[in-house]
Amino acid sequence: MEAQNIGFIGGGNMASAIIGGLEKAYQDIGIHVCDAVELVRDKHKNLNRQTYADITNLCQHSDVIVLAVKPQNFGDIMAELAAALNGQLVISILAGVTIKQIEAALPDQVHVVRTMPNTPMMIGQGMIGMARGTHADEKDISSTKDIFGISGKTLEIDESKMNALTAVSGSGPAYFFHFCEALQAAAESIGFSTEEAQLLVSQTAQGSVNYLCQQEGFPAAQLREQVTSKGGTTAAALDVFKSKDFIDMCQQALAAAEQRGKELAEQA
Ligand SMILES: NC(=O)c1ccc[n+]([C@@H]2O[C@H](COP(=O)([O-])OP(=O)(O)OC[C@H]3O[C@@H](n4cnc5c(N)ncnc54)[C@H](OP(=O)(O)O)[C@@H]3O)[C@@H](O)[C@H]2O)c1
């Protein structure tokens, strides 16, 4: 990894997940965190990270800057960042904030990469979309992969697909959680206790996803067919999904998420 000192503006949940991955993978790396909250700074300080109350100081010690505040705090940080930047790559994880908005707030020619991680990044199994800004080059994408690739898998896309990617992998974990919630409630409705339903659903979810991901080519349809004998129990259940047009429901859900992403970006 080329960058030796990574600076984070915002030291919350997502920043902590990225930092945890970096520290595991790279022993000599310098982690620098600027956060408005003293308690958050103290938490990082206790883990031997350099902390700062102001962005100017953070920028003096960092080769790369990661924007990790909530999108609503974007406006609060950009003027100070613009004045303090000294040629560093700026990587944003802010949902819904566009490259155009970031570049407009920063000096000309600044190198920007916009990313969209998801929450499984907290356990090193994230999916991280990356889009390069006007002046970002291969080296910037490679630095972004170095930083995020240890917390999951990365995919470079054109920014025009960022809302679509958000609909699939950004919001995606919540769809799986919702499906598990629904299965658990259904299991309870046919006679299992909460603990029993939790065990049955959690182990089935974990085993099925791991089994699928370990096969070559992610053959979801093939594995489904293998467990669906004609006239059997699985077929009876899947017939109900089909009658309710489950596939169409998923397509509508993704379209709604993508549309909401566009609306939020327009409002920002
Ligand atoms: N969670 C997800 O699933 C997910 C997925 C993709 C992308 N993201 C993006 O990740 C970003 C961070 O999310 P998070 O869950 O890590 O948020 P978080 O836990 O709230 O962390 C943000 C931190 O930044 C601090 N902060 C606010 N204003 C600041 C300022 N002016 N200077 C320095 N620090 C400041 C916050 O303090 P206060 O608490 O006082 O505001 C907080 O400690 C968001 O933009 C979100 O869109 C999240």
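Residues numbered from 1 in each chain as written. Predicted model: local features only at pLDDT ≥ 70, side-chain atom pairs only at ≥ 80, totals over all residues. Heavy atoms only, no water.

Things to note about the domain arrangement of the protein chain
Threshold: Boundary definitions for the domains trace back to an automatic or database domain assignment. Two residues form a contact once any of their heavy atoms are found within 4.5 Å. Once two parts are put together, the accessible area they lose, assessed with a 1.4 Å probe and summed over both, is termed the buried area.
Partitioning the protein chain into domains gives domain 1 (5-163) and domain 2 (172-265). For domain 1 versus domain 2, the distance between C-alpha centres works out to 33 Å. Contacts between domain 1 and domain 2 engage 7 residues on the former and 5 residues on the latter. For the domain 1 and domain 2 pair, buried surface summed over both sides reaches about 450 Å², with 58% attributable to carbon and sulfur atoms.

Some words on the nonpolar core
As a rule of thumb, nonpolar side chains are buried together in soluble globular proteins. Using the following cut-off: In plain words, nonpolar cores are sets of buried Ala, Val, Leu, Ile, Met, Phe, Trp, Tyr and Cys residues tied together by side-chain atoms within 4.5 Å. Burial classes follow relative accessibility: with a 1.4 Å probe on protein chains only, a residue under 20% of its type's maximum area counts as buried, one over 50% as exposed, and anything between as partly exposed. Only DSSP runs of H or I covering at least 4 residues are called helices, and only runs of E covering at least 2 are called strands; the numbering of each starts at the N terminus.
Counting 24 residues, the largest nonpolar core has Ile6, Phe8, Ile18, Leu22, Ile147 and Phe148 as its most contacted members. When contributions to this core are tallied by element, the ones reaching two or more residues are strand S1 (5-9), helix H1 (13-25), strand S2 (30-34), strand S4 (64-67), strand S5 (89-92), strand S7 (126-132) and helix H6 (138-148). No other element matches the 5 residues that H1 contributes to this core. Residues within four places of isoleucine 18 in sequence aside, it is in contact with Phe8, Ile93, Met121, Ile147, Phe148 and Ser151. Counting 22 residues, the second-largest nonpolar core is a separate cluster that includes Cys34, Met78, Leu81 and Val97.

Considering the site of the ligand
Formally: In these notes, residues near a molecule or strand are those with any non-hydrogen atom within 4 Å of it. Distance and chemistry together define a polar contact, namely a pair of N or O atoms within 3.5 Å, with one atom able to donate a hydrogen and the other to accept it when in protein, and with adjacent residues in sequence counting only for side-chain atoms on both sides. Accessibility throughout is a Shrake-Rupley quantity obtained with a 1.4 Å probe, and a residue counts as covered only by protein chains that appear here. Charged means Asp, Glu, Lys or Arg here, nonpolar means Ala, Val, Leu, Ile, Met, Phe, Trp, Tyr, Cys or Pro, and polar covers whatever is left, Gly included.
Taken together, the neighbourhood of the ligand is formed by 22 residues, with Asn13, Met14, Asp35, Val69 and Ala95 sitting nearest. In the model, a nitrogen atom of the ligand is placed 3.1 Å from a nitrogen or oxygen of the alanine 36 main chain. Note that an oxygen atom of the ligand is positioned 2.6 Å from one of the backbone N or O atoms of valine 69. The protein chains hide 76% of the 900 Å² of surface that the ligand would expose on its own. When the residues that make up the shell around the ligand are grouped by side-chain class, the tally is 14 nonpolar, 6 polar and 2 charged.

A few points about the packing of helix H8 (residues 172-189) against helix H9 (residues 194-214)
So the rule is basically this: Orientation is described by axes fitted as lines to C-alpha atoms, over the contacting stretch for helices, and by angles from 0 to 180 degrees between their N-to-C directions. The scheme is simple: roughly parallel for angles under 35 degrees, roughly antiparallel for over 145, roughly perpendicular for 65 to 115, oblique for anything else. Note: crossing handedness is left-handed where the near helix turns anticlockwise from the far helix by less than a right angle, and right-handed where it turns clockwise.
One can describe the packing of H8 onto H9 by two numbers: an axis separation of 9 Å at closest approach and a directional angle of 135°. The angle between the axes of H8 and H9 places the two elements in the oblique class. H8 and H9 meet at a crossing whose hand is right-handed. Contacts between H8 and H9 pair Cys180, Leu183, Gln184, Ala187 and Glu188 from the former with Thr194, Ala197, Gln198, Val201 and Ala205 from the latter. Residue composition of the contact of H8 with H9, grouped by class: 6 nonpolar, 3 polar and 1 charged.

Observations concerning the environment of aspartate 35
Turning to its location among the elements, aspartate 35 is positioned in the loop between S2 and helix H2 (38-45). Linking aspartate 35 and glycine 11, residues 24 residues apart in sequence, is a C-alpha distance of 5.6 Å. Sequence-distant contacts of aspartate 35, defined by excluding residues within four places in its chain, comprise Gly10, Gly11, Gly12, Val40, Arg41, Tyr52 and Ala53.

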